[in-house]
Structure formats: structure tokens, C-alpha cells
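Observations on chain architecture
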Amino acid sequence: VRYVQGMNEIVGTMYFVLANDENEEGASEAEADTYFLFNTLMVEMRDIFVPDLDDADTGIQGRMTNMLALLSLHDPEVRCHLD
């Protein structure tokens, strides 16, 4: 997975939360913990960030199709508003 615009927003938010931990020992490990969490997240969400997989079920288009189907089932009013 290569860098995709917006990844810095995810990392920045994770780091901010971890660095502002009330437990100073936890806050001192914020950088390492952020790396670990971001790496774990990217392993789980890798297909969303790989352009060749955009149309796969696990790619961004497949996940959006799934989300819209779930939204149609659970909140058709919001789904209609998004169209």
C-alpha cells in the first residue's frame, strides 16, 4: 500500500488521542502505539487503498455498494437523501 491522501489525517488523530492520554506512561509511547495501530488498520483496510482492487468486493467500490445496500435496508430515508 502506498500513501493515499488522507492517511495523515488518520495518523494525526490517532497520535493526538494517544499523546493526550492522562496516563503519562501511555502518552510517552504514543508514537510507537500510533505506528502499531495504523499498521494494524492498514492490514485490515488494505484493499480500500489499492487502486487495482477498487471494483473488488473488498475494494472501495464494493464496500460502498455494501454500505448503500445496508443503508437502504436500515434507513431508506437517508439512502434516498444520498442519491
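An account of the accompanying structure is given in this report.

Calculation rules
- Residues numbered from 1 in each chain as written.
- Predicted model: local features only at pLDDT ≥ 70, side-chain atom pairs only at ≥ 80, totals over all residues.
- Heavy atoms only, no water.
- Salt bridge = Lys/Arg side-chain N within 4 Å of Asp/Glu carboxyl O.
- Buried < 20%, exposed > 50% of the residue type's maximum accessible area, 1.4 Å probe, protein only.
- Helix = DSSP H or I, 4+ residues; strand = E, 2+ residues; numbered from the N terminus.
- Expected span 1.5 Å × (residues − 1).
- Contact = heavy atoms within 4.5 Å.
- Patch = residues over 30% accessible without salt bridge, like charges linked within 9 Å, V, L, I, M, F, W, Y side chains within 5 Å.
- Areas by Shrake-Rupley, 256 points an atom, 1.4 Å probe, with all protein chains shown as cover.
- Polar contact = N/O pair within 3.5 Å; in protein donor to acceptor, adjacent residues only side chain to side chain.
- Axes fitted to C-alpha atoms, helices over the stretch in contact; angles between N-to-C directions.
- Parallel < 35°, antiparallel > 145°, perpendicular 65-115°, else oblique.
- Left-handed = near helix turned anticlockwise from the far one by under 90°.
- Nonpolar A, V, L, I, M, F, W, Y, C, P; charged D, E, K, R; others polar.

What follows concerns the pattern of salt bridges. Applying the stated criterion to the full structure yields two salt bridges. Salt-bridge contacts for Arg-46 lead to Asp-47; the nearest nitrogen and oxygen are separated by 3.1 Å. With a relative accessible area of 15%, Asp-47 lands in the buried category. A salt bridge links Asp-83 to Arg-79; its shortest N-O distance comes to 2.3 Å.

Further remarks concern helix α3 (residues 30-45). With 16 residues, α3 extends 22 Å from end C-alpha to end C-alpha; this agrees with the ideal 22 Å at 1.5 Å per step. Buried residues along α3 sit against α1 (7-19) and α2 (24-28).

Another aspect to go through is a nonpolar patch on the surface. A cluster of nonpolar residues, Ile-60, Met-64 and Met-67, forms a patch on the protein surface that exposes about 220 Å² of accessible area. Following the sequence through the fold, Met-67 ends up in helix α4 (residues 60-74).

Here we come to the side chain of Thr-34. For Thr-34, the location among the structural elements is in helix α3. Of the residues examined, Thr-34 reaches a relative accessible area of 4% and is grouped as buried. A distance of 2.6 Å separates a polar side-chain atom of Thr-34 from the backbone oxygen of Ala-30.

It is worth spelling out the side chain of Arg-79 at this point. Relative to the helices and strands, Arg-79 is located in helix α5 (residues 76-82). Among the polar contacts made by the side chain of Arg-79, one reaches the side chain of Ser-72 at a distance of 3.2 Å.

Attention shifts here to the packing of α1 against α3. With their axes 9 Å apart at the nearest point, α1 and α3 run at an angle of 140 degrees to one another. Considered as vectors, α1 and α3 are oriented oblique to each other. The two elements α1 and α3 meet at a crossing, and its hand is right-handed. Where α1 approaches α3, its residues Met-7, Ile-10, Val-11, Met-14, Tyr-15, Leu-18 and Ala-19 are matched on the opposing element by Ala-30, Glu-31, Asp-33, Thr-34, Leu-37, Phe-38, Leu-41 and Met-42. Taken together, the residues that form the contact of α1 with α3 break down as twelve nonpolar, one polar and two charged.

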